[in-house]
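# Reading the structure
Listed here are the chains, written in short residue letters.
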Amino acid sequence: MRTFAHRLFLSAAVLLLAGAAQAEISVTSPFSRASAPTAKAGAAFLTLSIDAGSDKLLGGSSPVADKVELHTHLMQDGIAKMRPVDGGIPVTAGTPTELKPGGLHIMLIGLKAPLKQGESFPLTLNFEKAGAVSVNVPVQGPGAKAPMAEHDHGGHGEHSGHQH
Ligand SMILES: [Cu+2]
């Protein structure tokens, strides 16, 4: 079980880091959007925070895509365009870094299968100091702009599929 071994390794790594009083990275509110059957790319959004000092997100990997890139949106001639981020995404204590639709995001390039609403996939993020941090990313509706609220697990599932 590669995944299990991987988790054990991560736990051990986290314990070692804690022992050395290293800053700890938190990845919260991850979400992705359902992709069209023919889509070759998808995106993931999440919030990064660190309890002390600073670190930098350098890249990542996921079994659902050939390649994971860090992107941002820039306005060019009045049109929002995606660009790969140069030099990584910094995370500083006290200021959570939000990756969200229309801004910084994690691009999943070369999707191996469509992302389906209600499913989730693993994503490993690589940080300059903290190394690999894994999260599970739930897939929401195609127009989702934010992760589903914690208290909203039942009943309003359809709501996340609407574009407002
Ligand atoms: Cu992108």
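Residues numbered from 1 in each chain as written. Predicted model: local features only at pLDDT ≥ 70, side-chain atom pairs only at ≥ 80, totals over all residues. Heavy atoms only, no water.

## Here's the deal with the coordination of the copper ion
Only His71 (ND1), Met82 (SD), His105 (NE2) and Met107 (SD) from the protein coordinate the copper ion, and they sit 2.1 to 2.2 Å from it. The coordination sphere of the copper ion comprises four donor atoms, whose angles at the metal cover 90 to 119 degrees; the geometry is tetrahedral. The sequence motif formed by the donor residues of the copper ion is H-x10-M-x22-H-x1-M. Of this pair, histidine 71 sits in strand β4 (residues 65-76) while methionine 82 sits in strand β5 (residues 79-84), placing them eleven residues apart in sequence. With relative accessibility at 35%, the residue methionine 82 sits in the partly exposed group. (Donors = N, O, S within 2.8 Å, 3.2 Å for Na, K, Ca; no water. Tetrahedral: all angles 85-135°; square planar, octahedral: opposite > 155°, others 65-115°. Helix = DSSP H or I, 4+ residues; strand = E, 2+ residues; numbered from the N terminus. Buried < 20%, exposed > 50% of the residue type's maximum accessible area, 1.4 Å probe, protein only.)

## A closer look at the packing of aromatic side chains
A full pass over the atoms with the stated rule returns one aromatic pair. Taking the centre distance of 5.1 Å and the plane angle of 35 degrees together, the rings of phenylalanine 31 and phenylalanine 45 count as tilted. Of this pair, phenylalanine 31 sits in strand β1 (residues 25-33) while phenylalanine 45 sits in strand β2 (residues 41-50), and the two are 14 residues apart along the sequence. (Phe/Tyr/Trp six-rings, centres within 6.5 Å; stacked < 30°, edge-to-face > 60°.)

## Remarks on the environment of glutamate 69
Inspection of the secondary structure puts glutamate 69 in strand β4. With near-sequence residues (within four places) excluded, glutamate 69 lies in contact with Pro84, His105, Ile106, Met107 and Ile109. A polar contact of 2.8 Å, which involves the side chain of glutamate 69, links it to the side chain of histidine 71. (Contact = heavy atoms within 4.5 Å. Polar contact = N/O pair within 3.5 Å; in protein donor to acceptor, adjacent residues only side chain to side chain.)

## Comments concerning the side chain of serine 35
Along the chain, serine 35 turns up in the loop between β1 and β2. Of the residues examined, serine 35 reaches a relative accessible area of 16% and is grouped as buried. A polar contact of 2.8 Å, which involves the side chain of serine 35, links it to the backbone nitrogen of leucine 115. When residues no more than four places from it in sequence are discounted, the contact partners of serine 35 are Leu111, Pro114 and Leu115.

## So, the confidence of the model for the protein
The predicted coordinates ought not to be read in detail in places where the model reports low pLDDT. Scored by pLDDT, the protein comes out at a mean of 85, with 77% of its residues at no less than 70. Per-element confidence in the protein is highest for strand β9 (residues 120-127), whose mean pLDDT is 98, and lowest for helix α1 (residues 2-19), whose mean pLDDT is 58. Across residues 151-164 the pLDDT falls below 50, and counting only partners more than four positions away or on other chains, this stretch makes 14 contacts in the model. (pLDDT = per-residue confidence, 0-100.)

## Topic: the pairing of β1
Bridging between β1 and β2 involves six bridges; their strand directions are antiparallel. When the sheet's bridge partners are listed, phenylalanine 31 is paired in β2 with phenylalanine 45. Note that β1 and strand β10 (residues 131-140) share two bridges and pair parallel. For serine 32, the partnering residue across the bridge sits in β10 and is valine 139. (Pairing = 2+ DSSP bridges.)

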